[in-house]
Amino acid sequence: MRVALAAAGVASAWLTSAHATPDYPAVIDAVLGTNCPQPLSRCLICHVTAKGGQGTAEQRFAKKLRGSPYNLEGNEPRALSSALEQLFSLPVPSDSDDDGESDEDELLRCGNPSGEDFGVGPEYGCDGAHLAPRAEPDGALGALALGVSGLLVHVARRRSARGKTRAAPPGRSTAR
Amino acid sequence: MRLRWQTASGRVLMAFDVSLHLSKNAPRMPRIPCLRAACWLLILAAVTLSSGRAEAYSWMIKHGFSKCGSCHTDPAGGETLTRMGRVESEHLLSMGGTDMEEPSKSSRFLFGAIDEPDDVSFGGSYRHMLIYSASVPGVPSEFTHFPMQLDLYGSGRIGNFVMSASLGVAKGIEGSANVRGAQLNTEAGDGFILLSRNHYLGLWLQDDMLLRVGRLNLPFGVRIPEHVMWAREATRTDRESDQQHGVSLTYTGGRWRTDVMLILGNFQLNPDRFRERGVVGTVEYLVTPTFAFGASTLLTYAQEDPLTRVEDSVRYADGVIARWGVSPKLSFLAELDILKDGGRELGFTGFVQGDYELFRGFHFMLTGEVLDQGLLKQADVVPQRGSGAPRYGAWISLDWFLMPHLELRLDGVMQQDDVFHGQAQFHFYL
């Protein structure tokens, strides 16, 4: 069991060293102090596909940031952060999709400055399938389980000892 | 970790306990011992570094293996190896295989530690990826690494019936469009997810014809392990997580290899309006024992595209494929597809890959690829590379199969309008 737990720990630590790709929706959240859901759908603020990638940043908001004076290139979260701060400090608020609401206001309410808002996006995973939340350790229950286990081991050992005594009484060999 | 299916009212329909802890408040649930065993095996795989997926290496045609079902339990290739596949992985795939006199036990599942029952095959895969991204002015270079795959899979046959499934784990993938299509539990965030890329039930109608129902690889194009190659990404037909649920009929008789699938949608994606439905298929004809030529087609409809959010999205792709084993050392794979995505004009993609095996198990590969996803149907859009104009890319690769169960691969990926990416991949398979 200890080996298994150690194995699980190693596997867990190993898997935590996962992805470190730039997460632009998180940068937008950090700049504006928001915590918007649907990070995949929010890729569409700039990209034409949630898979992102080079050559897909064709949405209006992205075009504005790629143009002068921001000249934003891909793959650089720090540059995005400073470009956003620069954009939001303009005397006349930027409105990339010309819908009458500024880009900053739309992003603050988790909307889409490149066009219509996203609405409810796709959810991944089988409908209704959840991982059960990790339960808090119960000390009393653990102590009770330990006690019962100890008692069972003690009883089993006594029975085993009695059985051996009956099967081979002293002074009586079964060897021929 | 506990996976639970429940109704909106909270009634538990089914649950799998795959955890190492006890939840005192959890409702009583039926448990499936096999899944628990699978989980333990998964942990074992992670700790011993001994997992991995034997791939559908389409270039095996140079050795006269044109039909994938010779080495894989899936007649369309990929995942679980057959007994013969185990032998050939040592003889034809791995370094030193030319000197093999008889198959060694270590090439078998778990290095031969366990004898699989007759008609049952197991496998597993661990891939770790290291990526170097070159710098550009103002943007420093970057080095990242992550576990790309940690899966177990198996296949069993009872009479004419066959069943197969894969189970894997991933972590911290909420912002990624990869992996998530195969997700089983609905939570993502920074936590673990369980995933199943494939699972199906099948019936062998005759020796060379298999009917299957389940989540299957889409039979389109050349089945290659490079899931980020444009031909696989743009057509959404990679084996990473682009599988869909549906019904497929595979025929591998004579010189023909055909696979046609009715796509019912990815039921690991909700709600229903994001599911694509349609047909996909490939037909391939073996002109000579080492040259195959074929065609693929795909047509799908979704009320709303899950990636682009385009409504009433009709997507299609049609293409031709070729596999040519010039000699036992040299082979070529090629594919050219026309594309039509919802919200875009007509586009195209394709690749040509040359593979020269310098010595047994050590491959030098050159790949050229092209992508024009099609011009966006928007008022103020001008053509640019990859969107209304061709974009080109090249891969230089070294692929080294040191021994059965182990593959090391280096790729240099150069694509227009992107920085140079160096990739190193460490692949163990059970």
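J.: Honestly, the overall build of chain B in this entry has me stumped. Any pointers?
T.: Secondary structure assignment for chain B yields 3 helices and 22 strands. Out of the 430 residues in chain B, the part that is buried amounts to 57%. A sequence separation of at least 24 residues applies to 53% of the contacts in chain B between residues at least 6 apart. Per element, the accessible surface of chain B, about 17500 Å² overall, is 64% carbon and sulfur.

J.: When you look at the packing of helix α2 (residues 24-32) of chain A against helix α5 (residues 77-88) of chain A in this model, what are you seeing that I'm missing?
T.: When two helices pack together, their arrangement is given by the angle between the helix axes and by the axis-to-axis distance. Residue and element names in this part refer to chain A. In contact at an axis separation of 10 Å, α2 and α5 are set at 45 degrees when each is read in the N-to-C sense. Classed by the angle they form, the pair α2 and α5 counts as oblique. Judged by the twist between their axes, the crossing of α2 over α5 is right-handed. Note on element contacts: α5 touches α2 through Pro-77, Leu-80, Ser-81, Leu-84, Glu-85 and Phe-88, opposite Tyr-24, Val-27, Ile-28, Val-31 and Leu-32. Of the residues in the contact of α2 with α5, the class split is 9 nonpolar, 1 polar and 1 charged.

J.: What is the right way to read unusual backbone geometry from this model?
T.: Most of the time, phi is negative for any residue but glycine, and the peptide bond is trans. Backbone torsion omega between Ser-68 of chain A and Pro-69 of chain A reads 5 degrees, so that peptide bond is classified as cis. Relative to the assigned elements, Pro-69 of chain A resides in the loop between α4 (60-66) and α5. A cis geometry characterises the amide bond from Asn-270 of chain B onward to Pro-271 of chain B, with omega recorded as -10 degrees. Mapped onto the fold, Pro-271 of chain B is located in the loop between β11 (269-270) and β12 (277-288).

J.: Just to check I follow, could you spell out the nonpolar core for this structure?
T.: Considering soluble globular proteins, one finds that nonpolar side chains tend to be buried as a cluster. Ile-45, Phe-61, Leu-65, Leu-80, Leu-84 and Leu-107 of chain A are the most contacted members of the largest nonpolar core, which has 20 residues in total. When residues of this core are traced back to their parent elements, those giving at least two are α2, α4 and α5 of chain A. With 5 residues, the single largest contributor to this core is α5 of chain A. Other than its neighbours up to four places away in sequence, Ile-45 of chain A contacts Ile-28, Gln-59, Phe-61, Ala-62, Leu-107, Gly-111, Asn-112, Pro-113, Ser-114 and Phe-118 of chain A. Leu-210, Leu-216, Leu-298 and Leu-339 of chain B belong to the second-largest nonpolar core, a separate cluster that totals 16 residues.

J.: Quick question: what am I supposed to make of the confidence of the model for chain B here?
T.: All names here are of chain B. Of the residues in chain B, 86% reach a pLDDT of 70 or more, and the chain-wide mean stands at 85. For residues 13-54, every residue scores under 50 in pLDDT, and the model assigns this stretch 108 contacts once sequence neighbours within four places are set aside. At the level of chain-chain contacts, confidence expressed as ipTM amounts to 0.76, with global pTM at 0.78.

J.: I'm lost on the environment of Gly-191 of chain B in this one. Help?
T.: All names here are of chain B. Structurally, Gly-191 can be placed in the loop between β5 (161-171) and β6 (192-195). On the basis of relative accessible area, Gly-191 is assigned to the partly exposed category, the value being 29%. Spatially, the C-alpha atom of Gly-191 lies 8.8 Å from that of Glu-174, the residues being 17 residues apart in sequence.

J.: What's the story with the side chain of Ser-196 of chain B in this structure? I'm lost.
T.: Residues and elements named next belong to chain B. In this fold, Ser-196 is placed in the loop between β6 and β7 (199-206). A polar side-chain atom of Ser-196 sits 3.2 Å from the main-chain carbonyl oxygen of Asn-198. The contact partners of Ser-196, leaving out residues within four places of it in the chain, are Ser-166, Ala-182, Leu-184, Arg-215 and Gln-268.

J.: I'm lost on the state of the cysteines in this one. Help?
T.: Such a bond, covalent and formed between the sulfur atoms of two cysteines, is termed a disulfide. Residues and elements named next belong to chain A. In total, this model carries 1 disulfide over all chains according to the counting rule given. Each disulfide pairs two cysteine sulfurs, and for Cys-36 the partner residue is Cys-110, the sulfurs being separated by 2.0 Å. Here Cys-36 and Cys-110 share a disulfide; its torsion about the S-S bond, -85 degrees, makes the bridge left-handed. Here Cys-36, found in the loop between α2 and α3 (39-42), pairs with Cys-110, found in the loop between α6 (103-108) and β1 (123-124); they are 74 residues apart in sequence, far enough to count as distant. Exposure remark for Cys-110: the relative accessible area of 30% places this residue in the partly exposed category. Just so you know, Cys-43 is unpaired, no disulfide at all, and the nearest cysteine sulfur is the one on Cys-46, 9.0 Å from it.

J.: So what exactly am I meant to see when it comes to the pattern of salt bridges here?
T.: Where charged atoms from two side chains of opposite charge approach closely, those side chains can pair. All names here are of chain A. All chains considered together, the criterion is met by 29 salt bridges over all chains. For Asp-29, the salt bridge identified is with Arg-42, shortest N-O distance 3.3 Å. Placement of the pair is Asp-29 in helix α2 and Arg-42 in helix α3, with a sequence separation of 13 residues. Judged by relative accessible area, Asp-29 falls into the buried class, the value being 13%. Judged by relative accessible area, Arg-42 falls into the buried class, the value being 5%.

J.: What is the right way to look at the packing of aromatic side chains in this model?
T.: Aromatic rings considered in pairs are described by the distance between their centres and by the relative angle of their planes. All names here are of chain B. Counted under the stated rule, the structure contains 8 aromatic pairs over all chains. On the numbers, 5.3 Å between centres and 80 degrees between planes, the contact of Tyr-57 with Phe-401 is edge-to-face. Of this pair, Tyr-57 sits in the loop between α1 (33-48) and α2 (83-93) while Phe-401 sits in strand β20 (residues 391-403); the two residues are 344 residues apart in sequence, bridging distant segments of the chain. The class for Tyr-57 is buried, based on a relative accessible area of 9%. Judged by centre distance (4.9 Å) and plane angle (80 degrees), the ring pair of Phe-426 and Phe-428 falls under edge-to-face. Its relative accessible area of 27% is what places Phe-426 among the partly exposed residues. Residue placement shows Lys-171 over the ring face of Phe-192; its charged tip is 5.4 Å from the ring centre. The side chain of Arg-212 reaches across the aromatic face of Tyr-200, ending 4.7 Å from its centre.

J.: What's the story with α2 of chain B in this structure? I'm lost.
T.: Because each turn of an α-helix spans 3.6 residues, side chains separated by three or four positions in sequence point in the same direction. All of the buried residues along α2 of chain B are Gly-85, Arg-86, Glu-88, Ser-89, Glu-90, Leu-92 and Leu-93 of chain B. Against β3 (120-133), β16 (346-359), β20 and β22 (421-429) of chain B lie the buried residues of α2 of chain B.

About the criteria used
- Each chain carries its own residue numbering, running from 1 in the written order of its sequence.
- Each chain is given a letter, starting from A, and each ligand a number, starting from 1, according to the order in which they appear as written.
- Only residues with pLDDT of 70 or above have their local features reported here, since the model is predicted, and side-chain atom pairs are shown and tallied only from 80 upward, although totals for entire chains, interfaces and linings are computed over all residues.
- Side-chain metrics in this entry use all non-hydrogen atoms of the structure; hydrogen atoms and water are not considered.
- By the criteria applied, helices consist of DSSP H or I runs no shorter than four residues and strands consist of E runs no shorter than two, each listed in order from the N terminus.
- Buried means the residue's accessible area, taken with a 1.4 Å probe over protein chains only, is under 20% of the maximum for its type, while exposed means over 50%, and partly exposed covers the values in between.
- Contact between two residues is taken to exist if any of their heavy atoms lie within 4.5 Å; hydrogens are not considered.
- Residue-level accessible areas treat just the shown protein chains as cover; the underlying method is Shrake-Rupley with a 1.4 Å probe.
- Simply put, an axis is a line fit to the C-alpha atoms, just over the touching stretch for a helix, and the angle between two N-to-C directions goes from 0 to 180 degrees.
- Working rule for angles: under 35 degrees goes down as roughly parallel, over 145 as roughly antiparallel, 65 to 115 as roughly perpendicular, anything else as oblique.
- By definition, turning the near helix anticlockwise from the far helix through less than a right angle yields a left-handed crossing, and turning it clockwise yields a right-handed one.
- Amino acids are sorted into nonpolar (Ala, Val, Leu, Ile, Met, Phe, Trp, Tyr, Cys and Pro), charged (Asp, Glu, Lys and Arg) and polar (every other residue, Gly among them).
- Put simply, buried Ala, Val, Leu, Ile, Met, Phe, Trp, Tyr and Cys residues joined by side-chain atoms within 4.5 Å make one nonpolar core.
- What pLDDT conveys is the predictor's confidence in a given residue, as a value from 0 to 100.
- Polar contacts here mean pairs of N or O atoms no more than 3.5 Å apart (in protein, one a potential hydrogen donor and the other a potential acceptor; neighbouring residues in sequence count only if both atoms are side-chain atoms).
- A pair of sulfur atoms, both from cysteines and within 2.5 Å, is called a disulfide here.
- The salt bridge criterion pairs a side-chain nitrogen of Lys or Arg with a carboxyl oxygen of Asp or Glu, the two atoms within 4 Å.
- Ring pairs shown here join Phe, Tyr and Trp side chains whose ring centres sit within 6.5 Å, with only the six-membered ring taken for Trp; geometry is labelled stacked below 30 degrees between planes, edge-to-face above 60, and tilted in between.
- Remark: a charge is flagged as sitting over a ring if the NZ atom of Lys or the CZ atom of Arg is within 6 Å of the ring centre and within 35 degrees of the ring normal.

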